[in-house]
Amino acid sequence: MSYNLINFKVNGDNKGQLVALEAMRNIPFPIKRVYYVYDTTESAVRGHHAHYDLEQVVFCASGSCDFILDDGNTRETIHLSSPSQGLHIKGFMWREFTNFSDDCVVMVLASEYYDEGDYIRDYDAFKKIIRNKKVVTSVPFIDFKRCYKDIKFELDTAYEKVMSHGHYICGAELEKFEKDFALACGANYCIGVSNGLEAISLTMEAWGINKPDMEVICATNSFVATALGVSRAGATPVLVEPDKRTYNISPEAIEKAITPKTRAIALTHLYGQAADMDAINSIAKKHNLKVFEDSAQAHLS
């Protein structure tokens with residue numbers, strides 16, 4: 001079942017007890033919503049729903065109650081009776097809670113704001129969804145939502161900080177990134193610009209490769225910004241085919257494309273792996289060419 005019990009650290013002495021709850025520490029998600037349920041009759045049954053994505057941590061701040069969880073196959077009852085123990089429930093879990101003590105106060109911490117669209121309120125519909133989930137009919141090509149969810153708290157915290165101080169350009173965050181990324185790459189410097197196209201065109205301009213009779217060799221299967229960065233600077237991109245084994249630019253194809261007009265190689269590391277830099281640098285040295293490495297899709301590879 002998609003749940004677990006969290007034992008919170010209790011700090012206290014003879015004057016009383018204290019439990020601190022911290023997002024992304026002892027609460028495994030950013031806390032967007034908090035609510036509590038109290039003054040509920042013992043025989044009442046609350047809940048009667050599941051969620052698609054929402055995560056919750058539930059605990060009894062006072063008294064006790066029973067949580068009944070159902071994953072579509074089995075049902076399990078968890079008794080909550082301590083303010084130092086939380087029940088972490090993820091999505092696609094039908095939940096009901098009942099058997100409330102007279103002094104019961106149920107606290108709920110939620111990972112998202114209220115969204116009626118995230119609720120599944122009909123049990124038969126829930127069972128159907130669970131059955132359909134087991135049959136994989138398609139695999140998303142790229143699931144950006146899933147990538148975002150993995151580091152959601154860190155990203156949200158970072159951009160909320162920037163939005164709060166209002167330094168959108170050349171602020172402290174950029175300076176820190178430049179230092180950290182240069183260190184990670186083993187480079188002396190890192191200069192942040194608005195996008196990869198700017199990085200390529202500015203580098204070509206700095207190298208003086210900015211006239212139509214100056215050619216720069218690029219990969220055919222890179223994103224269009226690689227070639228656009230060259231043409232934006234005023235030079236002419238020359239496209240060559242990749243190596244069929246790695247889908248990175250082929251050193252053999254590079255050498256065949258070199259002419260007296262060739263001034264540089266603007267290669268792109270693709271799919272998380274580096275191109276054959278030993279061979280490419282050897283070719284560049286032989287023909288006195290500049291080498292620009294586009295690592296937008298293969299940082300630190």
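Quick caveat: nothing in here was measured; it's all calculated off a predicted structure. (Residues numbered from 1 in each chain as written. Predicted model: local features only at pLDDT ≥ 70, side-chain atom pairs only at ≥ 80, totals over all residues. Heavy atoms only, no water.)

**Points about the overall build of the protein chain**
Here is step 1 of the chain: Looking only at helices and strands, the protein chain features eight helices and 16 strands.
Here is step 2 of the chain: Rg of the C-alpha trace for the protein chain: 28 Å, well past the compact-globule value of 19 Å for 301 residues, more than 25% over.
Here is step 3 of the chain: Taken along the three principal axes of its C-alpha coordinates, the protein chain extends 90 × 50 × 30 Å.
Here is step 4 of the chain: Across the 301 residues that make up the protein chain, the buried fraction comes to 36%.
Here is step 5 of the chain: Sequence separation of 24 or more characterises 71% of the internal contacts of the protein chain that already satisfy a separation of 6 or more.
Here is step 6 of the chain: Total accessible area computed for the protein chain in this model is approximately 18,500 Å², and 54% of it derives from carbon and sulfur atoms.
Here is step 7 of the chain: Charge-centre separation for the protein chain: the mean point of 32 positive side chains lies 4 Å from the mean point of 40 negative side chains. (Helix = DSSP H or I, 4+ residues; strand = E, 2+ residues; numbered from the N terminus. Rg over C-alpha atoms; globule rule 2.2 N^0.38 Å. Buried < 20%, exposed > 50% of the residue type's maximum accessible area, 1.4 Å probe, protein only. Contact = heavy atoms within 4.5 Å. Areas by Shrake-Rupley, 256 points an atom, 1.4 Å probe, with all protein chains shown as cover. Lys, Arg positive; Asp, Glu negative; His and termini not counted. Charge placed at Lys NZ, Arg CZ, Asp CG, Glu CD.)

**Observations regarding the side chain of Ser-222**
Here is step 1 of the chain: By the element assignment, Ser-222 lies in the loop between β13 (215–219) and α6 (225–233).
Here is step 2 of the chain: Separated by 2.6 Å, the side chains of Ser-222 and Thr-226 make a polar contact.
Here is step 3 of the chain: Among the polar contacts listed, one links the side chain of Ser-222 to the side chain of Thr-268, at a separation of 3.0 Å.
Here is step 4 of the chain: Here Ser-222 is in contact with Thr-268 and Asp-294, once residues within four sequence places are set aside. (Polar contact = N/O pair within 3.5 Å; in protein donor to acceptor, adjacent residues only side chain to side chain.)

**Topic: the pattern of salt bridges**
Here is step 1 of the chain: Tallying each qualifying case throughout the model produces ten salt bridges.
Here is step 2 of the chain: The residue Asp-156 makes a salt bridge to Lys-152 at a minimum N-O spacing of 3.0 Å. You can see Asp-156 and its partner Lys-152 sitting in helix α3 (residues 152–165), four residues apart, about one turn around the helix. As far as burial versus exposure is concerned, Asp-156 and Lys-152 are alike and both buried.
Here is step 3 of the chain: The shortest N-O distance in the salt bridge between Arg-232 and Glu-198 comes to 3.2 Å. With Arg-232 in helix α6 and Glu-198 in helix α5 (residues 196–207), the pair connects residues that are 34 residues apart, well separated along the chain. (Salt bridge = Lys/Arg side-chain N within 4 Å of Asp/Glu carboxyl O.)

**Let's talk about the sheet that holds strand β9 (residues 85–89)**
Here is step 1 of the chain: Pairing is antiparallel across the open sheet formed by five strands, whose spatial order is β1-β9-β6-β11-β4. Looking at the sheet topology across the chains shown, the edges are occupied by β1 (3–7) and β4 (33–38). Taking each pair of neighbouring strands and ignoring which way they run, the sheet shows an average axis angle of 25°.
Here is step 2 of the chain: Both β1 and β9 contribute to a ladder of five bridges, which runs antiparallel. (Pairing = 2+ DSSP bridges. Axes fitted to C-alpha atoms, helices over the stretch in contact; angles between N-to-C directions.)

**Focus on α6**
Here is step 1 of the chain: Along α6, the residues that are buried comprise Ala-225, Thr-226, Ala-227, Gly-229, Val-230 and Ala-233.
Here is step 2 of the chain: Against α5, β13, β14 (236–240), β15 (262–268) and β16 (290–294) lie the buried residues of α6.
Here is step 3 of the chain: Looking one or two residues beyond α6, the residue adopting positive phi is Gly-234, at roughly 110°.

**Some words on the packing of aromatic side chains**
Here is step 1 of the chain: Considering all chains together, one arrives at ten aromatic pairs under this definition.
Here is step 2 of the chain: On the numbers, 6.0 Å between centres and 40° between planes, the contact of Tyr-36 with Tyr-38 is tilted.
Here is step 3 of the chain: Judged by relative accessible area, which is 52%, Tyr-36 ranks as exposed.
Here is step 4 of the chain: Residue class for Tyr-38 comes out exposed when judged on its relative accessible area of 54%. (Phe/Tyr/Trp six-rings, centres within 6.5 Å; stacked < 30°, edge-to-face > 60°.)

**Details of the environment of Ala-44**
Here is step 1 of the chain: Secondary-structure assignment places Ala-44 in the loop between β4 and β5 (46–51).
Here is step 2 of the chain: What makes Ala-44 partly exposed here is its relative accessible area of 22%.
Here is step 3 of the chain: As for Ala-44 and Phe-97, which are separated by 53 residues in sequence, their C-alpha atoms are 8.3 Å apart.
Here is step 4 of the chain: Setting aside chain neighbours within four positions, we find Ala-44 in contact with Phe-97, Thr-98, Asn-99 and Phe-100.

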